[in-house]
Structure formats: C-alpha cells, structure tokens
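# Understanding the architecture of this molecule
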Amino acid sequence: MESDIILQRMEKTGLVPVVVIENVEDAVPTAKALLEGGIDMMEITFRTACAKDAIAKVKNEVPGMLVGAGTILDIRQAKEAVSAGAEFIVSPGFSEEVVRWCVENKIATVPGCVTPTEIMAARALGLSVVKFFPANLFGGIKAIKTLSGVFRDMRFLPTGGVNLDNISEFAAESCIVAIGGSFVCTSKDIREHNFETITKLSRESVEKIHAARV
Ligand code: 3PG
C-alpha cells in the first residue's frame, strides 16, 4: 500500500493502538477486538520476541486490519518487520537510516520527533507526519501547537500518556493526524484475554476522537 494511503487511513481511523503482544496466540483475537471496536489499524511493537510472528499472523488472518510495526530502533528491525508483513514503521525517535530506507522503499514511516531539529530532519527526508513521544513529558498539546505554528506542513501522532481522559484535547487540533497509545489494549487486558474490554475502549475512544474533531 502506498505510504500516502496509510497516512490517510491513520487520519480516518483517528487512533493507532500501540500493541504489545507477549504470546503470539493473542495477536489475532486482539486485532479482531480492535476491529470490532472500529479500529482498523494497529502497531505491534518490536518489544517482544514474538512481534514478527504476531505481525505475520494478523496480516494473514485478519483481513481489514492494517498492521504496522512499532518501537523500531534500527534498520535491521525495520527490514525484519517489513519482511513479516508490516505495512508501516513507527519509531520512538528519529533514525536517519531507518527513515531513508523506508522512503526509498515507499514504506510509510512515522519517527518520533519532539524538537525543531528532529522535525526538520524528518521534513528534509520528505515526511509530513511525525510521532510526538512521550507526549505527556514533552509538553503535550501545548508544545505540539507551538511547533505546529512553525511547521505548518507537518502533522503529529502524539503517544505516551495519552488516554481516554485527554484524547479530546489532542484530537480537537487540526495538526493532530491521529492519536497513538496503549490505553485501548493494555498488556494486562491482552494477557487476561479481556477482548470485550478492548472492543469497548476502542469504540469509546474512536467516538471521542471523532466528536472532538468537529
Ligand atoms: C509508544 O510506544 O508510543 C508508547 O509506549 C505509548 O505510550 P502509552 O503506553 O503511554 O500509550
């Protein structure tokens, strides 16, 4: 899928769940629970040994779910994730090597950028969307709005401390492309197979985000 189409999907869905899969068997039911709640894309983080297999399983077994890889720290992981089927790459910070490789291979990538210098580096490589992480510690929506006043052609995916209580204040701003976070599918809910809770939280979050945008 073209990287522009993935960014459009991110905006349309409004929420990119950050998913930590500890047991590969949990990947498909988690994806289905998110989908049921109106979330048709997910970021499976490279923080666990089974991340690659989890991505492959969701890609092959859950039609309609767009799966990407998160917590990509280097080029080796980026290549592994894409080989497993990841359709987009999210990183906590900015790696020129990872971004260049994704751009050259037409893979959507959202690196973490919280300073003007990092945003300029991403922009120079042709990106128009960056992750803002950890949003709660780097000034939240106030900081993003200030940066957006300067970088008018950039949009932001805030993650880190974003949750049901504060998503509306992020979602209301046009510089926010979508919200990211683990709050709709916590490790605990995945581990304990609380898939109905995941669906419920997904639905509530998507509703809040779309209500805040109008
Ligand atoms: C991320 O990788 O973006 C963060 O772990 C998400 O932060 P959260 O768990 O506070 O939502």
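Above this text sits the structure in question.
One structure accompanies this document, and this report is about it. (Residues numbered from 1 in each chain as written. Predicted model: local features only at pLDDT ≥ 70, side-chain atom pairs only at ≥ 80, totals over all residues. Heavy atoms only, no water.)

Another point: the side chain of threonine 159. Position of threonine 159 relative to the elements: it lies in the loop between strand 7 (155-158) and helix 8 (167-171). Within the structure, the side chain of threonine 159 is placed 3.4 Å from the side chain of lysine 131, a separation counted as a polar contact. The contact partners of threonine 159, leaving out residues within four places of it in the chain, are Lys131, Phe132, Phe133, Pro134, Ala135, Gly180 and Gly181. (Helix = DSSP H or I, 4+ residues; strand = E, 2+ residues; numbered from the N terminus. Polar contact = N/O pair within 3.5 Å; in protein donor to acceptor, adjacent residues only side chain to side chain. Contact = heavy atoms within 4.5 Å.)

What follows concerns the environment of proline 63. One can find proline 63 in the loop between helix 3 (51-61) and strand 3 (66-70). Distance in space between the C-alpha atoms of proline 63 and serine 202 is 18 Å, their sequence separation being 139 residues.

A few words now on the packing of aromatic side chains. Within this structure, the stated rule accounts for 1 aromatic pair. A centroid spacing of 6.4 Å and a plane angle of 80° characterise the contact between phenylalanine 132 and phenylalanine 156, whose relative ring orientation is edge-to-face. Of this pair, phenylalanine 132 sits in strand 6 (residues 129-132) while phenylalanine 156 sits in strand 7, placing them 24 residues apart in sequence. Taken individually, phenylalanine 132 and phenylalanine 156 each receive the classification buried, so the pair is uniform in this respect. Positioned over the ring face of phenylalanine 133 is lysine 131, at 5.0 Å from the centre of the ring. (Phe/Tyr/Trp six-rings, centres within 6.5 Å; stacked < 30°, edge-to-face > 60°. Buried < 20%, exposed > 50% of the residue type's maximum accessible area, 1.4 Å probe, protein only. Lys NZ or Arg CZ within 6 Å of the ring centre and 35° of its normal.)

Here we come to the pattern of salt bridges. Where charged atoms from two side chains of opposite charge come close, those side chains can pair. Per the stated rule, a full pass over the model turns up 12 salt bridges. The shortest N-O distance in the salt bridge between glutamate 80 and lysine 52 comes to 3.8 Å. Of this pair, glutamate 80 sits in helix 4 (residues 75-84) while lysine 52 sits in helix 3, and the two are 28 residues apart along the sequence. Of the charged contacts, one joins glutamate 173 and lysine 145 as a salt bridge, the two residues approaching to 3.6 Å between their closest N and O atoms. Separated by 28 residues along the polypeptide, glutamate 173 in the loop between helix 8 and strand 8 (179-181) and lysine 145 in helix 7 (residues 140-150) bring together distant segments of the chain. The exposure class of glutamate 173 is partly exposed, given its relative accessible area of 24%. Bridged by salt links that share partners, the residues Lys52, Arg76 and Glu80 form one connected network. (Salt bridge = Lys/Arg side-chain N within 4 Å of Asp/Glu carboxyl O.)

Attention shifts here to the state of the cysteines. Covalently bonding the sulfur atom of one cysteine to the sulfur atom of another cysteine gives a disulfide. Applying the stated rule across the entire model yields 0 disulfides. For cysteine 102, which is in no disulfide, the shortest distance to another cysteine sulfur is to cysteine 113 and amounts to 13 Å. Here cysteine 102 falls in the buried class, since its relative accessible area comes to 0%. (Disulfide = S-S within 2.5 Å.)

Moving on: the site of the ligand. In the vicinity of the ligand, the contacting residues are Val18, Arg47, Lys131, Phe133, Thr159, Gly160, Gly161, Gly181 and Ser182. In the environment of the ligand, an oxygen atom lies 2.5 Å from a nitrogen or oxygen atom belonging to the side chain of arginine 47. Within the side chain of lysine 131, one N or O atom sits 2.6 Å away from an oxygen atom of the ligand. Out of a free accessible area of 310 Å², the ligand has 79% covered by protein chains. (Near = heavy atom within 4 Å. Areas by Shrake-Rupley, 256 points an atom, 1.4 Å probe, with all protein chains shown as cover.)

With 67 residues, the main nonpolar core has Leu34, Met42, Ile44, Val58, Phe156 and Ile179 as its most contacted residues. Sort the elements by how many residues they give to this core and helix 10 (residues 195-213) lands first, with 6 residues. Those residues within four positions of methionine 42 in sequence are excluded, and the remaining contacts are Pro17, Val19, Thr30, Ala31, Leu34, Val58, Met65, Leu66, Val67, Gly68 and Phe88. One finds Leu7, Leu66, Phe88 and Ala178 within the second-largest nonpolar core, a separate group that totals 14 residues. (Core = buried A, V, L, I, M, F, W, Y, C linked by side-chain atoms within 4.5 Å.)

Each regular strand shows side chains that alternate between the opposite faces of the sheet. Every second residue of strand 6 is oriented toward a common face, with Val129 and Lys131 on one face and Val130 and Phe132 on the other, all of them buried. Pairing between strand 6 and strand 7: 4 bridges, direction parallel. Considered in strand 7, the bridge of valine 130 is made with phenylalanine 156. Following the backbone out of strand 6, through helix 7 and into the adjacent parallel strand 7, one traces a crossover that is right-handed. (Pairing = 2+ DSSP bridges. Right-handed = clockwise from strand over helix to strand, strands pointing away.)

With that out of the way, let us pick up the packing of helix 4 against helix 5 (residues 96-104). Axis angle and axis distance: for two packed helices, these are the angle between their axes and the distance between the axes, and together they describe the pair. Contact geometry for helix 4 and helix 5: axes closest at 9 Å, N-to-C directions at 35°. Across from Ile75, Ala78, Lys79 and Val82 in helix 4, the residues of helix 5 making contact are Glu97, Val98 and Trp101. Looking at the contact of helix 4 with helix 5 residue by residue, the classes come out as 5 nonpolar, no polar and 2 charged. (Axes fitted to C-alpha atoms, helices over the stretch in contact; angles between N-to-C directions. Nonpolar A, V, L, I, M, F, W, Y, C, P; charged D, E, K, R; others polar.)

None of this, on its own, says anything about what the molecule does.
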